[in-house]
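# Fold and contact review
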Amino acid sequence: KNEVEQSPQNLTAQEGEFITINCSYSVGISALHWLQQHPGGGIVSLFMLSSGKKKHGRLIATINIQEKHSSLHITASHPRDSAVYICAVRSSSSGSARQLTFGSGTQLTVLP
Amino acid sequence: NAGVTQTPKFQVLKTGQSMTLQCAQDMNHEYMSWYRQDPGMGLRLIHYSVGAGITDQGEVPNGYNVSRSTTEDFPLRLLSAAPSQTSVYFCASSYDLGGFNEQYFGPGTRLTVT
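The structure contained in this document is the topic of the report that follows. Please read these numbers as outputs of a predicted model, since none were measured by experiment.

Listed by partner, the interface residues are 21 residues for chain A and 21 residues for chain B. A buried area of about 1,700 Å², summed over both sides, lies between chain A and chain B, and 60% of it is on carbon and sulfur atoms. The tally of links between chain A and chain B comes to 0 salt bridges. When contributions to the side of chain A that touches chain B are tallied by element, the ones reaching two or more residues are β4 (29–37), β5 (43–49), β9 (83–91) and β10 (100–102) of chain A.

What follows is the structure in structure tokens.
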């Protein structure tokens, strides 16, 4: 079983829809990252969080440490949101604290 | 700032050839890392460095060497390329090891080994 599981693997939505991408992890963590990989391949960091909720524009990220679960929400989705969204966690155990463990990503396509 | 740069963007190698993927950052970051990305799998850590002169192995280090002679540069060497090393390679950097530091990624190098 992977340490980081994302769902769904693929998601197609109509423009304007509210989108949720889920991330579950099996280890204790010090931080969770949400990343966006553009169709051209570049990767950018969207959020880093260790508790609660963060919001940037139409993007909202939440985390529940007790349930080992995080969600990424996109409100009023737009075709330019089409990308792969990647969840990554940094373990809180000292031995592997230097490594990020990545989910396999969610491919989002927003249709006009 | 240029951020994290990688060269080349594309490369085709024959089995057994060697090459070096270049990575540089101009943000004075201590922590740099190399990942490979394969279809259907998450990014996997190859090697990382916590500062000039210090490197360590990640999850999939076999067939790759690294060195860190300066803070800015972190090249990845393929000693004898194999088809299993066909992948997209990303270099990343961050200020330090703390979990709450943003990772900055390079644009990637798409490598094909025939």
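This part takes up the sheet that holds strand β6 (residues 52–56) of chain A. All names here are of chain A. One open sheet holds the 5 strands; their spatial order is β1-β3-β8-β7-β6, and the pairing between them is antiparallel. Where the open sheet ends on each side, the last strands, each with one partner, are β1 (4–7) and β6. Strand-to-strand twist in this sheet, taken as the mean axis angle between neighbours without regard to direction, amounts to 15 degrees.

The subject of this paragraph is the sheet that holds strand β7 (residues 64–66) of chain B. Sheet strands pair via backbone hydrogen bonds, and the direction of the pair is either parallel or antiparallel. Residues and elements named next belong to chain B. Spatial strand order, β1-β3-β8-β7: 4 strands in an open sheet with antiparallel pairing. Edge strands, defined here as strands with exactly one partner in the open sheet, are β1 (4–7) and β7. When the angles between neighbouring strand axes are averaged without regard to direction, this sheet yields 20 degrees. As paired elements, β7 and strand β8 (residues 76–78) share 3 bridges and run antiparallel to each other. Residue pairing for β8: asparagine 65 is matched across the bridge by arginine 77.

Residue and element names in this part refer to chain A. As for its position among the elements, threonine 75 is in the loop between β8 (69–74) and β9. Threonine 75 gets classed as partly exposed once you look at its relative accessible area, which sits at 26%. On a C-alpha basis, the gap between threonine 75 and arginine 58 in space is 5.2 Å, while along the polypeptide they are 17 residues apart. Not counting residues within four places of it along the chain, the set of residues in contact with threonine 75 comprises Glu17, Phe18, Arg58 and Ile60.

Applying the stated criterion across every chain yields a total of 3 salt bridges over all chains. The residue arginine 58 of chain A makes a salt bridge to aspartate 81 of chain A at a minimum N-O spacing of 2.9 Å. Highlighted residues: arginine 58 of chain A in the loop between β6 and β7 (59–64) and aspartate 81 of chain A in the loop between β8 and β9, separated in sequence by 23 residues. Across the pair aspartate 38 of chain B and arginine 36 of chain B runs a salt bridge, and its minimum N-O distance is 3.0 Å. We note that aspartate 38 of chain B, like arginine 36 of chain B, is buried. Linked through salt bridges whose partners overlap, the residues forming this network are Arg36, Asp38 and Arg44 of chain B.

Scoring rules and cut-offs
- Residues numbered from 1 in each chain as written.
- Chains lettered and ligands numbered in written order.
- Predicted model: local features only at pLDDT ≥ 70, side-chain atom pairs only at ≥ 80, totals over all residues.
- Heavy atoms only, no water.
- Contact = heavy atoms within 4.5 Å.
- Buried area = accessible area lost by both parts, 1.4 Å probe.
- Salt bridge = Lys/Arg side-chain N within 4 Å of Asp/Glu carboxyl O.
- Helix = DSSP H or I, 4+ residues; strand = E, 2+ residues; numbered from the N terminus.
- Pairing = 2+ DSSP bridges.
- Axes fitted to C-alpha atoms, helices over the stretch in contact; angles between N-to-C directions.
- Buried < 20%, exposed > 50% of the residue type's maximum accessible area, 1.4 Å probe, protein only.

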